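The primary structure of each chain is shown beneath.
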Amino acid sequence: MAATGNAEETQLQEMEEEAGMEREMDSDEEEGMGIENSDDEEDDSSEDDKENEAEIQRLEEQLSINAFDYNCHLDLIKLLRQEGELPPLRKARQKMSELFPLTEEIWLDWLKDEIRLTEEEQNREKVYELFEMAVKDYICPEIWLEYAQYSIGGMGLPGGMEKVRSIFERALTAVGLHMTKGATLWEAYREFENVILATVQPPPGSVPTCEQQELLNAQLERIHTLFRRQLAIPLMDMEGTYAEYEEWSDQGVSDTVSQKYKRALQQMEKSKPYEETLMAAEPPKLAEYQTYIDYEQKEGDPARIQIIFERALAENCLVPDMWAKYTKYLDRQLKIKDLVLSSHDRAVRNCPWTMGLWKNYLLALERHGADHHTISDVFEKALNAGFIQATDYVNIWEAYLDYLRRRVDFSKESSRELEELRAAFTRSLDYMKQDVEERFSESGDPSCTIMQVWAKIEALHCKNIQKARELWDSIMTKGNAKFANMWLEYYNLERSYGDALHCRKALHRAVQCTSDYPEHVCEVLLTFERVEGSLEDWDAAVQKTETRLNRVNEQRAKVAEKEAHLVRQEEEKTEQRRRAKADKKNQKKGQKGSGPGEKRKAEDEDNENEWGEESEQPPKRHRGEGNQGSFRGGGAEEYMETESGLFGRRAPPCRRQEPPGAKRGQQMAPATVRKTQEDNPEQRKDDCSVFISNLAFNMEDPEKRLKELFEPCGPVQSVRPVYAAKGFRGYCYVQFEGKTSVPEALKMDRREVDGRPMFVSPCVDKNKNPDFKVFKYNTNLEKHKIFISGLPFSCTKEQLEELCKDQGTIKDIRLVTNRSGKPKGLAYVEFEDEAQASQAVLKLDGTVLQEHTLSVAISNPPRRNAADKPDFSRPMGAMMPRAMVYGSRGKGRTQLSLIPRSLHRQTGSESKAENGTAPKPTGGASGDAGFEAQAKPMSNSDFAKMLLRK
């Protein structure tokens, strides 16, 4: 076999020499044909070398600033490999491997380069060390196979054959259960043993000696054992292995081997559908792998569960959830120290930005008895991992402090562990102030939970209540004195470990400082004095609480009076503007003559309903995603266009038809004008109806078209399109025979009809249900969702999914469009969890797609209260939607006001009105008739009439 290895090396050298000779011949032929290396070509080569050197220097400088730039490492290694500078290349690869696990491709390139070097240096141990590093990063059958084949080349050295067999056995343990690729290693191992068998067999016709016969029998038994072991494992195409064993074995296949083979074959048949699904799926195959993992966990074979987890992680190494599930399984089920700790280490190296993985790593180290120095080193690495939230640093500090607290023997008054714990608490507070607050502009720990834990430890374990009080004084000075719950926490600490004097003092301070729930702390103080205090203490508490509550009520009354005054000022300004506008219109009317054919005056139209009849009002449609939940980033255009004309171009009012004999000085309304209600309004049922909007005005026969569209949802009783003088207004009502059809109809929201998204929403009478909201919008930070801007308008959902799929499991993708269905260059991508979304922000922000640079951020919806509905008490800035004032995510591209002039406001504070209802002041303005009129809820009909005033 050594001869075989040497022959392979000789053949490789011959191939390299032939390639070199061919290059020399090509060069000679070029010279013979008159092709010369001109000075220009030499200059170009020199310029390329200078550019590469400059780029290498730039990449090295960038890595000196940010050593965790993964792509920068890849670019540097690629350039150095092109330049052929092996020492710098080796150094660059080593630096990258210290920070990140390397992929299979990177390892194979590195190993091949090192193997070429060792052929000259005759130093194989360095390559063996490199292979040992490579097999620890991921479970890769190709690397194990390369490792075994390389070791065969050294089997002629002392102990070489034993080393080859040892590597093969380790490879089978690691990847021998790999259902699709494991058979390759089994076959390679058998081939190796068959070659050894050929060397120990005596020549034909000769009689073997006893020693030769023993060697021959031992070698045959090795091969038999390999066959038997392989046939007991479910592998793809194992039928061929069984047939090969039958042909190879002189004694045939035993019943025991056959039975094990059949059981393995049955198990393989059960797993085969999962393997076929994996082969047919597109990367990253997370859902398919998860289904496979669930199946194996039900089967309960730990080795098979481990191998499927490893296969999934090899293809999804940047998915923190997968690492968390794997390490959790190892922690709770296998509990093998080396396997558990190595897996945790690989997890944090792959996803260093995920605080939860570092926290679990610290717990695993403590659980398996790692030394204090190792745990402290891991914690320091966690602090330098670059978390994306300030709260992550608080959580990792809490995990480390918990570990330090568990090391302390509090039975001793003083110990090195206790001093280390106190020093760590002090350092954590300094770290939060100096590092976290500077980076995130927030502490991440506004409630001072770390200091609270420290105070409890000092009071409970160290019996040092004075230190606990000092800590609580510091907590209160950090802006927490106004919160009742903070004072009550301090009070409970004093009740448990302090004395009545300090309890009373804490409650008196709480009454004086609390601003959120003063009544509650006052009640706690009085209850305390009932149980603990004397008559003098009771009198002092009553006086203290009464004085404080009176002051609070006065402050509230002043605030309410100020708000009411601002409301009255807005009303007066609105009335002045209305009168000025009316006077101006009257002047224009006086200048015009009243002749035949003149259009009907605006005041004649005031008594008509904008919607045709008073009880048929189209519900307002706010920015949203139909009935599927919240949707942000639609921009001013989408908000205006979905308001049923309130903030957009107003359609002409529907006019009543006059009797045939009536003569008027204007043209009759077209015969096509129709009523928007049925003759019998009582037959209409809102709970069986839906409101349809954003339809094309030029839709032919809307009644027939809408009935055909919604018949799949259930029997349609009636379709009521809304018409104006110029024709169809783009919205209608669809009433079903039963309530069960409404949810099915709502699912058709945003379906494209004639090139436009159709909006479908519940039909609700706002007069009867003024507080009803069709859509509720999320105004909190959506950590599992990202917002992408700067997309090309031609971008599709498929292209966006292709861009984002490597970052995690995508649950939903929404491209933002305007009313006409045209894209706006914005999108929202929802991931399975916040860690994947955070990774997507890190990887995708600043990337280029079709020559467009993308901006990616965590979805953070703005508050919508001020923009949901117009309100008379709001200033102009509050009346307009946020996107209308500032654009979709910033200052507006245009400052043109699209608000009706009758609604303009100049000054005033923003009211917390909702659905047209302003809050009633709590004091100082209860008798204001104007305010009472303002606070009365207005129907859609009243609101429409106000808009139509000229």
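Going by the structure above, here's the rest.
Since this is a predicted model, take the numbers as computed values, not measurements. (Residues numbered from 1 in each chain as written. Predicted model: local features only at pLDDT ≥ 70, side-chain atom pairs only at ≥ 80, totals over all residues. Heavy atoms only, no water.)

Asks: Explain the packing of helix 12 (residues 255-280) against helix 13 (residues 286-299) to me, please; I cannot follow it from the model alone.
Replies: To characterise two packed helices, one gives the angle between the axes of the helices and the distance between these axes. Between helix 12 and helix 13, the least distance of the axes is 9 Å, while the angle of their chain directions is 165°. The angle between helix 12 and helix 13 falls in the class roughly antiparallel. Crossing angle aside, the handedness with which helix 12 passes helix 13 is left-handed. Residues K270, S271, Y274, E275, T277 and L278 of helix 12 form the contact with helix 13, whose participating residues are E288, Y289, T291, Y292, Y295 and E296. (Axes fitted to C-alpha atoms, helices over the stretch in contact; angles between N-to-C directions. Helix = DSSP H or I, 4+ residues; strand = E, 2+ residues; numbered from the N terminus. Parallel < 35°, antiparallel > 145°, perpendicular 65-115°, else oblique. Left-handed = near helix turned anticlockwise from the far one by under 90°. Contact = heavy atoms within 4.5 Å.)

Asks: Got a minute to help me understand the sheet that holds strand 2 (residues 716-724) in this structure?
Replies: The strands that make up a sheet pair up through hydrogen bonds in the backbone, lying either parallel or antiparallel. If you walk across this open sheet you meet the 5 strands as 2-3-1-5-4, and the pairing is antiparallel. If you trace the sheet from one side to the other, it starts and ends with strand 2 and strand 4 (751-753), each paired once. The sheet shows a mean angle of 30° between the axes of neighbouring strands, taken without regard to direction. Across 7 bridges, strand 2 lies against strand 3 (residues 727-736) in antiparallel orientation. (Pairing = 2+ DSSP bridges.)

Asks: How should I be thinking about the sheet that holds strand 8 (residues 823-831) in this particular structure?
Replies: One open sheet holds the 4 strands; their spatial order is 7-8-6-11, and the pairing between them is antiparallel. Only two strands of the sheet have a single neighbouring strand rather than two, namely strand 7 (810-817) and strand 11 (855-859). For this sheet, the mean inter-axis angle between neighbouring strands, taken without regard to orientation, is 20°. Pairing of strand 6 (residues 782-789) with strand 8, which is carried by 5 bridges, proceeds in the antiparallel orientation. Within the sheet, the bridge partner assigned to S789 lies in strand 8 and is L826.

Asks: Looking at this model, I keep getting lost on the pattern of salt bridges. Mind explaining?
Replies: For side chains bearing opposite charge, pairing can occur when the charged atoms are close. Using the criterion set out here, one finds 39 salt bridges in the structure. The closest approach of N and O atoms between R406 and E366, which form a salt bridge, is 2.9 Å. A residue pair is termed long-range when its members are at least 10 positions apart, and R406 in helix 19 (residues 390-407) and E366 in helix 17 (residues 355-367) qualify at 40 residues. Between E380 and R427 there is a salt bridge, with its nearest N and O atoms 2.7 Å apart. (Salt bridge = Lys/Arg side-chain N within 4 Å of Asp/Glu carboxyl O.)

Asks: It is not clear to me how helix 7 (residues 141-152) should be interpreted in this structure. Could you clarify?
Replies: Between its first and last C-alpha, helix 7 extends 17 Å over 12 residues, near the 16 Å set by a 1.5 Å rise per residue. The element helix 7 is largely enclosed, with a buried count of 9 among its 12 residues. Burial in helix 7 covers these residues: P141, I143, W144, L145, Y147, A148, Y150, S151 and I152. (Expected span 1.5 Å × (residues − 1). Buried < 20%, exposed > 50% of the residue type's maximum accessible area, 1.4 Å probe, protein only.)

Asks: In this structure, what is going on with unusual backbone geometry? I would like to understand it.
Replies: Excluding glycine, a negative phi dihedral is what most residues carry, and trans is how most peptide bonds are arranged. Cis geometry marks the peptide bond from P283 to P284; its omega dihedral reads 10°. Looking at where P284 falls in the secondary structure, it is placed in the loop between helix 12 and helix 13. Even without being a glycine, D237 presents a positive backbone phi close to 60°. For D237, the location among the structural elements is in the loop between helix 10 (210-231) and helix 11 (238-248). Classification of D237 as exposed rests on a relative accessible area of 63%. Of note, the phi angle at N694 is positive, near 65°, even though the residue is not glycine. Positionally, N694 belongs in the loop between strand 1 (689-693) and helix 29 (702-710). By relative accessible area, which is 4% here, N694 ends up buried.

Asks: What exactly am I supposed to notice about the packing of helix 19 against helix 20 (residues 416-440) here?
Replies: With their axes 10 Å apart at the nearest point, helix 19 and helix 20 run at an angle of 175° to one another. When the interaxial angle is binned, helix 19 and helix 20 end up roughly antiparallel. Residues A390, Y393, V394, W397, Y400, L401, L404, R405 and R407 of helix 19 lie in contact with helix 20, whose contacting residues are E417, E420, L421, A424, F425, R427, S428, Y431, M432, V436, R439 and F440. When grouped by side-chain class, the residues that make up the contact of helix 19 with helix 20 number 14 nonpolar, 1 polar and 6 charged. (Nonpolar A, V, L, I, M, F, W, Y, C, P; charged D, E, K, R; others polar.)

Asks: What am I meant to see in helix 6 (residues 125-137) here?
Replies: Residues spaced three or four apart along an α-helix face the same direction, because each turn holds 3.6 residues. If you check helix 6, its first and last C-alpha atoms are 19 Å apart, about what 13 residues at 1.5 Å a residue would give, namely 18 Å. When we look at burial in helix 6, the residues that qualify are V127, Y128, L130, F131, A134, V135 and D137.

Asks: Explain a negative patch on the surface here, please?
Replies: A surface patch of like charges, here negative, comprises E47, D48, D49, E51, E53 and E85. By the secondary structure assignment, D49 is in helix 2 (residues 39-65). For D49, a relative accessible area of 34% corresponds to the partly exposed category. (Patch = residues over 30% accessible without salt bridge, like charges linked within 9 Å, V, L, I, M, F, W, Y side chains within 5 Å. Areas by Shrake-Rupley, 256 points an atom, 1.4 Å probe, with all protein chains shown as cover. Lys, Arg positive; Asp, Glu negative; His and termini not counted. Charge placed at Lys NZ, Arg CZ, Asp CG, Glu CD.)

Asks: Help me out: how do you make sense of the nonpolar core in this one?
Replies: Buried together is how nonpolar side chains tend to be arranged in soluble globular proteins. Residues I396 and W397 are the most contacted members of the largest nonpolar core, which totals 106 residues. A total of 10 residues in this core trace back to one element, the largest contributor, which is helix 19. Not counting residues within four places of it along the chain, the set of residues in contact with I396 comprises M355, W358, K359, L362, F379, A382, L383 and F387. (Core = buried A, V, L, I, M, F, W, Y, C linked by side-chain atoms within 4.5 Å.)

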